[in-house]
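# Breakdown of the fold
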Amino acid sequence: MSRPESPARDRTRRRRTNAEPPVELAVDLPEGRQSVRMIPEGSPADFPPEREWLATGLVAAGADLSSRRLVQAYSQGIFPWYHEGTPILWWSPNPRCVLFTDELHIARSLARTLRRGAFSFSINRAFIEVIRSCAAMRRPGQRGTWLTSSMIAAYLGLHRQGLAHSVECWLNGELVGGVYGVALGRIFFGESMFHTRPDASKAALVTLIRCMREQDFLLLDCQQTTPHMLRLGAREIPRRHFLNLMREHAQLSPDGKRPTFRNVLPNAEEVRSPVSPAAA
């Protein structure tokens, strides 16, 4: 969910095949230089079929960060991940790391922290502050942030449409942790999280899962496999299984409306302890 530095480097070049189109982009990855389908900016073209996706998980390059494109991507199990100065890159890793809402594991130390009740929580009270804090947080092995100004603006647009959401963790009135992502159907696509106090991001994530359970969400998409998420109960599943789940659970409802993530915290804003003492 909290992504490391994008494996794609800045050294890119375009080349045109004999057929017109498609256009391909050569991207330098740790596995070597590979070519991927290039979607022109603003083009209504769909993403290439799964059979054309690279083994590295790279799906396509280019296109744009419009709300329409982002919703299309997430509903197909694809997400953007790139750095300033490079084309937009679209990914769908295989295998995919997910956390099913009924498989959350809360370590005893975290349960003790939650029972103390020092943290309080809110939903969507400080979305922009959460995403900016995620962008500013430095992580091991990361030279910069993948959360560019364009990405932040794009997710803010989804937030205004009721599709992107944040869970905030507070300590004595100070924002000390949080997580944000995109909700489509019964799937919550976790984008990133941050903390400035120990356990704050984990506590926000536990609160997110609790709210997801109450709304019959199926799983949290972690996108990238990390030891942190595995310790919380996440596991890897084959991409084919994940895409099947997307087709079944991340689409429009029969009445044509897209269900969204709601604030179900007590008092419509915050709750003190998202787990019971029995969780230890």
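Here the residue index of a chain counts from 1 through its sequence in written order. Side-chain atom pairs in this predicted model are given and counted only at pLDDT of 80 or more, local residue features only at pLDDT of at least 70, and totals for whole chains, interfaces and linings cover all residues. Processing note: side-chain calculations cover all non-hydrogen atoms of the structure and skip hydrogens and water entirely.

### Quick notes on the packing of aromatic side chains
- Any two rings among Phe, Tyr and Trp, with Trp reduced to its six-membered ring, count as a pair given centres within 6.5 Å; such a pair is stacked if its planes are under 30 degrees apart, edge-to-face if over 60, and tilted if neither. One pass over the structure, following the stated rule, counts 8 aromatic pairs.
- The interplanar angle of 55 degrees and the centroid separation of 5.4 Å between the aromatic rings of Trp81 and Trp91 together place this pair among those described as tilted. Of this pair, Trp81 sits in the loop between strand 5 (79–80) and strand 6 (89–91) while Trp91 sits in strand 6; the two residues are 10 residues apart in sequence, bridging distant segments of the chain. Both residues of the pair, Trp81 and Trp91, belong to the buried class.
- Seen in terms of ring centroids, Phe119 and Phe121 are 6.5 Å apart; in terms of plane orientation they differ by 70 degrees. Their pairing is edge-to-face. Take Phe119 and Phe121: they sit in the same class, and that class is buried.
- Here the aromatic residues Phe127, Tyr155 and Tyr180 are joined through ring pairs into a cluster of three or more.
- For a lysine, the NZ atom is tested; for an arginine, the CZ atom; a charge sits over a ring if that atom is within 6 Å of the ring centre and within 35 degrees of the ring normal. Above the plane of the ring of Phe47 lies Arg69, whose end atom (NZ or CZ) is 5.1 Å from the centre. Working definition: helices are DSSP H or I runs of at least four residues, strands are E runs of at least two. Numbering for both runs from the N terminus. Only protein chains enter the calculation, and the probe is 1.4 Å; a residue is then buried if its accessible area is under 20% of its type maximum, exposed if over 50%, and partly exposed in between.

### With respect to the sheet that holds strand 13 (residues 235–237)
- By this definition, two strands are paired if DSSP reports at least two bridges between them. Across the sheet, which stays open at both edges, the 7 strands sit in the order 8-9-10-11-12-7-13 with mixed pairing between neighbours. A strand with exactly one partner marks an edge of an open sheet, and here the two such strands are strand 8 (119–123) and strand 13. The average undirected angle you get between the axes of adjacent strands in this sheet is 35 degrees.
- In the packing of helix 1 (residues 67–75) onto the sheet, contacts are made with strand 10 (174–184), strand 11 (187–195) and strand 12 (219–223), and the angle to strand 10 comes to roughly 80 degrees.
- Residue contacts follow a heavy-atom distance rule, with two residues in contact if any of their heavy atoms lie within 4.5 Å. The angle between two axes is taken between their N-to-C directions and runs from 0 to 180 degrees, where each axis is a line fitted to C-alpha atoms and a helix contributes only its stretch in contact. Contacts between helix 4 (residues 149–160) and the sheet are confined to strand 9 (164–171), strand 10 and strand 11, with strand 9 contributing the most and set at about 95 degrees to the helix.

Remember that the coordinates give geometry; whether it matters functionally is a separate question.
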